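Here's the letter readout for the chains.
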Amino acid sequence: MTTDDPLQQNIRRTTAMHALKQVRVLVDEANEDDAFKARALRWIMRYGWLVLLLFIALLARVFGVI
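Residues numbered from 1 in each chain as written. Predicted model: local features only at pLDDT ≥ 70, side-chain atom pairs only at ≥ 80, totals over all residues. Heavy atoms only, no water.

**Considerations on the overall build of the chain**
Basically, it comes down to this: Working definition: helices are DSSP H or I runs of at least four residues, strands are E runs of at least two. Numbering for both runs from the N terminus. The size measure is the radius of gyration over C-alpha atoms, and the globule rule it meets is 2.2 Å times the number of residues to the 0.38 power. Buried residues are those whose accessible area, probed at 1.4 Å on protein chains only, stays under 20% of the maximum for their type, while exposed residues exceed 50% and partly exposed ones sit between those limits. What sets the accessible areas is the Shrake-Rupley method with a 1.4 Å probe; for residues, cover comes only from the shown protein chains.
The helix and strand inventory of the chain stands at 1 helix and 0 strands. Taking 2.2 N^0.38 as the reference for a compact globule, 66 residues should give roughly 11 Å; the C-alpha atoms of the chain span a radius of gyration of 27 Å, well beyond that estimate. Seen through its C-alpha atoms, the chain measures out along the principal axes to roughly 85 × 15 × 10 Å. Within the chain, the proportion of its 66 residues that are buried is 2%. Summed over all atoms, the accessible surface of the chain reaches about 6,200 Å², with 69% contributed by carbon and sulfur.

**Thoughts on helix H1 (residues 6-62)**
How we decide: For a helix, the expected span equals 1.5 Å multiplied by the number of residues minus one.
If you check H1, its first and last C-alpha atoms are 79 Å apart, about what 57 residues at 1.5 Å a residue would give, namely 84 Å. In the segment just after H1, Gly64 is the residue with positive phi, at about 80 degrees.

**Describing the pattern of salt bridges**
Stated precisely, the cut-off is as follows: Put simply, a salt bridge is a Lys or Arg side-chain nitrogen that is within 4 Å of an Asp or Glu carboxyl oxygen.
Per the counting criterion, the structure on display carries 2 salt bridges. In this structure, the salt-bridge partner of Arg24 is Asp28, at a minimum N-O distance of 3.4 Å. Taken as a pair, Arg24 and Asp28 lie in helix H1 at a separation of 4 residues, close to a single helical turn. Lys37 is the partner of Asp33 in a salt bridge, and the nearest nitrogen-oxygen pair spans 3.3 Å. Taken together, the positions of Asp33 and Lys37, both in helix H1 and 4 residues apart, correspond to about one turn of that helix. Accessibility expressed as a relative area gives 36% for Asp33, which makes it partly exposed.

**Some thoughts on a nonpolar patch on the surface**
We apply this condition: Candidate patch residues must exceed 30% relative accessible area and have no salt bridge, after which like charges are joined if within 9 Å and Val, Leu, Ile, Met, Phe, Trp or Tyr side chains if within 5 Å.
A contiguous nonpolar patch, built from Leu52, Phe55, Ile56, Leu58, Leu59, Val62, Phe63, Val65 and Ile66 and spanning about 980 Å² of accessible area, is present on the exposed surface. Topologically, Ile56 is positioned in helix H1. Taking the relative accessible area as the measure of exposure, Ile56 reaches 48% and is therefore partly exposed.

Below you can see the structure in the form of structure tokens.
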């Protein structure tokens, strides 16, 4: 087979498409992971201070400060 053989070109094209699909899956997984981390960070920034405040109030209650 030569490099001009249509079968060889088809094999290369198919292999390249398969590799691109695999790369796309990896990129999608990384994007989902980044989106999850961003949502978690937003939640912590939005509600974390409230949870911390409630925890401090509970500790104060346990130690008899309040």
